[in-house]
Amino acid sequence: MLDVTSLLRMYTLRRKSSLSSSSPSLVQEKTLLSLIRSARRTRFAKDHNFSRIKSVRDYQQAVPLRSYEQFWNDYWKASFPILDDVSWPGRIPFFAVSSGTSSGTTKYIPCSHEMVRSNTKAGVDLLVHHLTNRPASRILGGLNFMLGGSTDLTEEAKNVWSGDLSGIAARTIPAWIRPRYFPPPDLALIADWRQKIDRLAEEALTRDIRMIAGVPSWLLIFFDNILSRRPGQKLADLFPNLEMIVHGGVRFDPYRERFASLLVGSSAELREVYPASEGFVAVADGPPGTGLRLNLDHGIFFEFVPVDELRSGNHHRHWIGSVELGVEYAIVITSCAGLWSYILGDTVRFVELSPPRIIITGRTSYFLSDFGEHLTGEEIDGAISDAAYAVGGSVTDYAVSSVFPEGAGELGGHRFFVELRGAGEPALFPTAEHKQCFIQTLDSELQRRNDDYRAHRADGFGLKAPTIRFLPAGSFERWMESRGKLGGQHKVPRILPKGEIGDSIVSFFNHLPDETIP
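Trainee: Would you mind showing me how to read the pairing of strand S7 (residues 209–214) here?
Mentor: Regular strands place their side chains on alternate faces of the sheet. Burial within S7 is extensive, with six of its six residues counted as buried. Direction of pairing for strand S3 (residues 143–146) relative to S7: parallel, over a ladder of four bridges. In the strand pairing of S7, Asn144 is matched with Met211. Strand direction decides the pairing type here: S7 and strand S8 (residues 244–247), joined by four bridges, are parallel. Note on S8: the bridge partner recorded for Met211 is Met244.

Trainee: Can you help me understand helix H16 (residues 475–482) in this one?
Mentor: The α-helix winds at 3.6 residues per turn, so residues separated by three or four positions along the chain end up facing the same way. Buried residues of H16: Ser475, Phe476, Glu477, Trp479 and Met480, and no others. Remark: Gly484 follows H16 within two positions and exhibits a positive phi of approximately 70°.

Trainee: Is there a simple way to explain the sheet that holds strand S12 (residues 300–306) in this structure?
Mentor: Within a sheet, neighbouring strands are paired by backbone hydrogen bonds and run either parallel or antiparallel to one another. Spatial strand order, S6-S3-S7-S8-S9-S10-S11-S16-S15-S14-S12-S13: 12 strands in an open sheet with mixed pairing. Two strands bound the open sheet, and with one partner strand each, they are strand S6 (181–182) and strand S13 (318–319). In this sheet, S6 lies alongside S3 in parallel orientation, the contact comprising two bridges. Counterpart to Asn144 in the pairing with S6 is Tyr181. Strand contacts of helix H2 (residues 24–38): S12, S13, strand S14 (328–335) and strand S16 (356–363), with the helix running at about 110° to S12, the strand carrying the most contacts.

Trainee: Help me understand the pairing of strand S5 (residues 160–163), please; the structure alone is not making it clear to me.
Mentor: By the alternation rule, side chains of S5 split into Val160 and Ser162 and Trp161 and Gly163, which are all buried. In textbook terms, the turn of a hairpin is the stretch between consecutive antiparallel strands, and for strand S4 (residues 154–157) and S5 this stretch comprises two residues, one of which, Asn159, has a positive phi near 60°.

Trainee: Which parts of the structure should I look at to understand a positive patch on the surface?
Mentor: There is a patch of like positive charges on the surface, built from Lys30, Arg37, Arg40, Arg41 and Lys46. If you trace the backbone, Arg41 turns up in the loop between H2 and helix H3 (43–47). Taking relative accessible area as the criterion, Arg41 reaches 61% and is therefore assigned exposed.

Trainee: Would you mind going over the pattern of salt bridges with me for this structure?
Mentor: Two side chains with opposite charge may pair up if their charged atoms get near one another. The tally for this structure, following the rule as stated, stands at 21 salt bridges. The shortest N-O distance in the salt bridge between Arg15 and Asp297 comes to 2.8 Å. Taken together, the residues span a long stretch of sequence, with Arg15 in helix H1 (residues 5–21) and Asp297 in the loop between strand S11 (292–294) and S12 at a distance of 282 residues. Among the residues examined, Asp297 registers a relative accessible area of 26% and is labelled partly exposed. Between Asp297 and Lys121 there is a salt bridge, and its shortest N-O distance comes to 3.6 Å. In this pair, Asp297 is assigned in the loop between S11 and S12 and Lys121 in helix H6 (residues 113–133), connecting sequence segments 176 residues apart. Linked through salt bridges whose partners overlap, the residues forming this network are Arg15, Lys121, Asp125 and Asp297.

What counts as what
- Residues numbered from 1 in each chain as written.
- Predicted model: local features only at pLDDT ≥ 70, side-chain atom pairs only at ≥ 80, totals over all residues.
- Heavy atoms only, no water.
- Buried < 20%, exposed > 50% of the residue type's maximum accessible area, 1.4 Å probe, protein only.
- Helix = DSSP H or I, 4+ residues; strand = E, 2+ residues; numbered from the N terminus.
- Pairing = 2+ DSSP bridges.
- Contact = heavy atoms within 4.5 Å.
- Axes fitted to C-alpha atoms, helices over the stretch in contact; angles between N-to-C directions.
- Patch = residues over 30% accessible without salt bridge, like charges linked within 9 Å, V, L, I, M, F, W, Y side chains within 5 Å.
- Areas by Shrake-Rupley, 256 points an atom, 1.4 Å probe, with all protein chains shown as cover.
- Salt bridge = Lys/Arg side-chain N within 4 Å of Asp/Glu carboxyl O.
- Lys, Arg positive; Asp, Glu negative; His and termini not counted.
- Charge placed at Lys NZ, Arg CZ, Asp CG, Glu CD.

Interpretation note: all reported values are geometric properties and have no functional meaning in isolation.
In structure tokens, the structure reads:
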């Protein structure tokens, strides 16, 4: 295969210069006004007097924040799947199908041709940042592997398609990268996740893989499969030219130790990305822990609302020109697919302003506060990781539900469902002593990280200690399969609300053995 990394290297020099010399606020204001001009003849533009918008402030006064449900009911539902000049000019050719992690509601996110180009640009920027950090890279001398869902799309109407974002990406992949893309169409189309993993593992061992990308939990399943075919060998032996593992979709903290052990002896780097069905938000341009750089010139305008203000009618809408370090924001996007001040559902915190870099802290719906404890996803992830480390394991997956008091004088609490892995073991079932250590570490870490939780736990006055249910290997995988959500972009919900999703997982796990080793 012809190595075209040298051509990418020349582009990297130009792109680096452009990124380093641009003003974030000017780029974002220019992006917003360009989007407004492009959409000026749409129904949404007429409803919101786009002709009068000349600045960011004008825009924020004219266009309110909206959730997916509000957009769907007010603009998309009536004419779906034919959206002609509704919130974006022309006909929307693709819909990225996304299931809400907490609610389970299926969403159809508009994806325009402009958004396809935006996502492609983000993918190229990922390579640009990689070459910047690794000048001797030969990443385009082999194959780039995307471990996604089935690429099969559903034709909703003539020339209007819906499906996984990975399917849209596969259909619209630029000609220059197609020969360097893995898997081939016959494997990419496989819908059965287990069969797909088997076939991909078998085929990948014969290929020169330079990059692998996917959701961390599904990447681990793939790596387990492929290592089982070569007992005694490491990932470094099987993919000697692997340069980069790209991960995104969920917080990485619970998986960090496991990936570190997998990469022993390998020169491959870990690089986090922030892709969403609504647009490619950010990518790590430096080493782990330095944050993700916002994609400011990709046809997406970003707003940020302090999380504690989001549910009030008196919220402040910040943008790149007014954000501050250390504040937890709900992220809001306006995009070249016709999303206007759309509440994405994720929460972020800025760790640098020039250039703007963020870390993902959780979801707007991803917090645990049934008893006033106000635990965030970031706090729970960190505490779970520390507890797993304390017993010599790493987290495969976990979820947590609230346990409500059933009688007078009882206290509420939290029950964690945890699947652990020990060194060299497919699953780790701790001894009674280790189990107690896990609980104590988890509880103390949650108290250290969150003042409200600590106050509720003081002397066991308002909240009892957490309980743990350790699960056999593959439990979360089997539950996701039972819902038809196995693999691809599907993610395990961490915080289980009362209702269909929460009741489903609790019932499913209650029928599994609570295994321990003596």
